[in-house]
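What follows is the residue order along each chain.
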Number of protein chains: 2
Amino acid sequence: MNAAKPVDFYFEFSSPYGYIASRLADALEQRIGRPLAWHPFLLGPVFKMTGQAPLVEIPMKGAYSRRDFERSARWHGVAYAHPAKFPIGTVAPLRAFYWTQQRDAAQARRLAKSLYSAFFAEGRDISAPATVLDIAQAGGIDRTALSAGLEDPAVKELAKQRVDAAIARGVFGSPFFIVDGEPFWGVDRIPMMEDWIRRGGW
Amino acid sequence: MNAAKPVDFYFEFSSPYGYIASRLADALEQRIGRPLAWHPFLLGPVFKMTGQAPLVEIPMKGAYSRRDFERSARWHGVAYAHPAKFPIGTVAPLRAFYWTQQRDAAQARRLAKSLYSAFFAEGRDISAPATVLDIAQAGGIDRTALSAGLEDPAVKELAKQRVDAAIARGVFGSPFFIVDGEPFWGVDRIPMMEDWIRRGGW
């Protein structure tokens, strides 16, 4: 009965696993027969709340994670080149996404994919607003209008509200999916999530 | 060429995912055609080194994890009743395991399975040495000898050395597998690990 209801897909633009999920998203939608609603957010405020830190900065876990990013990408057949500067702040991509989404949701989704590929496959630093504008422009978005949008207090507030809303729903990692209220964290939970959808829970 | 070489299987007796892995271990060995070498360790010293904490004590992640323990167990067809007292200290099960292993490796493995089931399916507090002795005795282990063993400085030192050795190999979570030097953390990495073994890496 929820066949047409979107599955919420939360991600942070600096998250390797979020990037991998973004590359698996189209095939996932086909398999589950439901659209994904894309929601970028920021992990920084989450880390402050949970006392956690970026994976690569945690002793032991950091070295493992670096290895697992590339291995997971290879396993899923996704191009990956670990960024020289990592992790990065992603406020500019976040605001660009929500500014675009207000105008055209499909274009916002294409922009998210382009931003992710630029960072994780092409070695471009998407923390820089100028790089975000370059990528948006290449995707057919009005550079001048977006440039103004990135500095617009209303856009800043919208992006902040979306991040707050994600955290209020319990989103603490990337990627993070919510299916009819049921949360699934991580690329590695996708098979479980698909089984959950197919069987209507268990 | 590594067909007969054991895959190292590290686990903490207070870890729900380690318990689930213990219940999947026999079938996993059959599929990969290699034995698992069981190595209990302690997460406490790891948490001190990494600045991490037990999952259930982390804001946001804690509530998700509680839900995911039971959901993951159901998905894998493993009986699970979340323990009233959790997490627990597991020094007694750890020492009992290594004491037994010096005498009979197969019996130590059976003891580990019994201890895990007692804690995660039967509601028994295996942090208590008396409970560990009850479970060991029911499995055919000499209670009096094991009771003395738990207090033997040589056994304490052996158990400590095994924990130190695990951490020295980079083990920071439970379950944690090492295949020919390649580390895999989590029940959710088992499919990836199996593919790695099947294809000899990728």
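A. The arrangement of the pairing of strand S4 (residues 182-185) of chain B in detail. Residues and elements named next belong to chain B. Two elements, strand S3 (residues 176-179) and S4, share 4 bridges in a ladder whose sense is antiparallel. In the strand pairing of S4, Phe-177 is matched with Phe-184. In textbook terms, the turn of a hairpin is the stretch between consecutive antiparallel strands, and for S3 and S4 this stretch comprises 2 residues, one of which, Asp-180, has a positive phi near 50°.

B. Quick peek at the sheet that holds strand S1 (residues 7-11) of chain A. The mixed open sheet is built from 4 strands, whose spatial order is S2-S1-S3-S4 (chain A). With one partner strand each, in any of the chains shown, strand S2 (36-40) and strand S4 (182-185) of chain A form the two edges of the open sheet. Each strand axis lies, on average, 20° off the axis of its neighbour in the sheet, ignoring direction. Of the strand pairs in this sheet, S1(A) and strand S3 (residues 176-179) of chain A are connected by 3 bridges, and their pairing is antiparallel. Across the sheet, residue Tyr10(A) finds its bridge partner in S3(A), namely Phe176(A). The sheet strands contacting helix H3 (residues 61-75) of chain B are S3 and S4 of chain A, and the helix crosses S4(A) at an angle near 95°.

C. Local environment of the pattern of salt bridges. All names here are of chain A. Applying the stated criterion to the full structure yields 42 salt bridges over all chains. Where Glu-29 meets Arg-109, a salt bridge forms, and the shortest distance between an N and an O atom there is 2.9 Å. Taken as a pair, Glu-29 in helix H1 (residues 16-32) and Arg-109 in helix H5 (residues 105-120) lie far apart in primary sequence, 80 residues in all. You'll find Glu-29 and Arg-109 in the same group, each marked buried.

D. A look at the relation of the copies chain B and chain A. Overlay of chain B on chain A (RMSD 0.0 Å): rotation 180°, translation along the axis 0.0 Å. In the structure described here, the two chain copies are related by an operation that fits a two-fold rotation axis. Closest approach to the rotation axis within chain B is made by the C-alpha atom of Asp188(B), at a distance of 3.0 Å. Most of the interface of chain B is mirrored in chain A, where 100% of its interface residues again form contacts.

E. Broad picture of the interface of chain B and chain A. Each partner contributes to the interface: chain B provides 34 residues, whereas chain A provides 34 residues. Counting the surface chain B buries against chain A, the share from its top three residues, Met60(B), Tyr64(B) and Trp75(B), is 23%. One can count 8 salt bridges joining chain B with chain A. Of the charged contacts, one joins Asp68(A) and Arg189(B) as a salt bridge, the two residues approaching to 2.6 Å between their closest N and O atoms. Taken together, the links from chain B to chain A amount to 17 residue pairs in polar contact (both at pLDDT 80 or more). Looking at the side of chain B that touches chain A, the elements that each hand over two or more residues are helix H2 (43-50), H3, S4 and helix H9 (190-199) of chain B. Looking at which element gives the most residues to the side of chain B that touches chain A, the answer is H3(B), with 8 residues.

F. Up close: the sheet that holds strand S1 (residues 7-11) of chain B. Taken in spatial order, the 4 strands of this open sheet run S2-S1-S3-S4 (chain B), and their pairing is mixed. Strands with a single pairing partner mark the edges of an open sheet, and in this sheet they are strand S2 (36-40) and S4 of chain B. Direction aside, the axes of adjacent strands within the sheet are offset by 20° on average. The sheet contacts of helix H3 (residues 61-75) of chain A involve S3 and S4 of chain B, and relative to S4(B) the element is tilted by about 95°.

G. Molecular detail of the confidence of the model for chain A. Residues at a pLDDT of 70 or more form 99% of chain A, whose mean pLDDT is 96. Quick note on the complex model: pTM equals 0.96, ipTM equals 0.94.

H. Region of interest: the side chain of Ser65(A). With respect to the secondary-structure elements, Ser65(A) resides in helix H3. If we skip the residues at most four places from it in the chain, Ser65(A) touches Tyr17(A) and Leu55(A).

I. Region of interest: helix H4 (residues 91-103) of chain B. In this model H4(B) runs 19 Å from its N-terminal to its C-terminal C-alpha over 13 residues, within 8% of the 18 Å that 1.5 Å per residue would give. Inspection of H4(B) places Ala92(B), Pro93(B), Leu94(B), Ala96(B), Phe97(B), Tyr98(B), Trp99(B) and Thr100(B) among the buried residues, and these make up the whole buried set.

Reading guide: rules and limits
Residues numbered from 1 in each chain as written. Chains lettered and ligands numbered in written order. Predicted model: local features only at pLDDT ≥ 70, side-chain atom pairs only at ≥ 80, totals over all residues. Heavy atoms only, no water. Pairing = 2+ DSSP bridges. Helix = DSSP H or I, 4+ residues; strand = E, 2+ residues; numbered from the N terminus. Axes fitted to C-alpha atoms, helices over the stretch in contact; angles between N-to-C directions. Contact = heavy atoms within 4.5 Å. Salt bridge = Lys/Arg side-chain N within 4 Å of Asp/Glu carboxyl O. Buried < 20%, exposed > 50% of the residue type's maximum accessible area, 1.4 Å probe, protein only. Least-squares fit on C-alpha atoms with pLDDT ≥ 70 in both. Buried area = accessible area lost by both parts, 1.4 Å probe. Polar contact = N/O pair within 3.5 Å; in protein donor to acceptor, adjacent residues only side chain to side chain. pLDDT = per-residue confidence, 0-100. Expected span 1.5 Å × (residues − 1).

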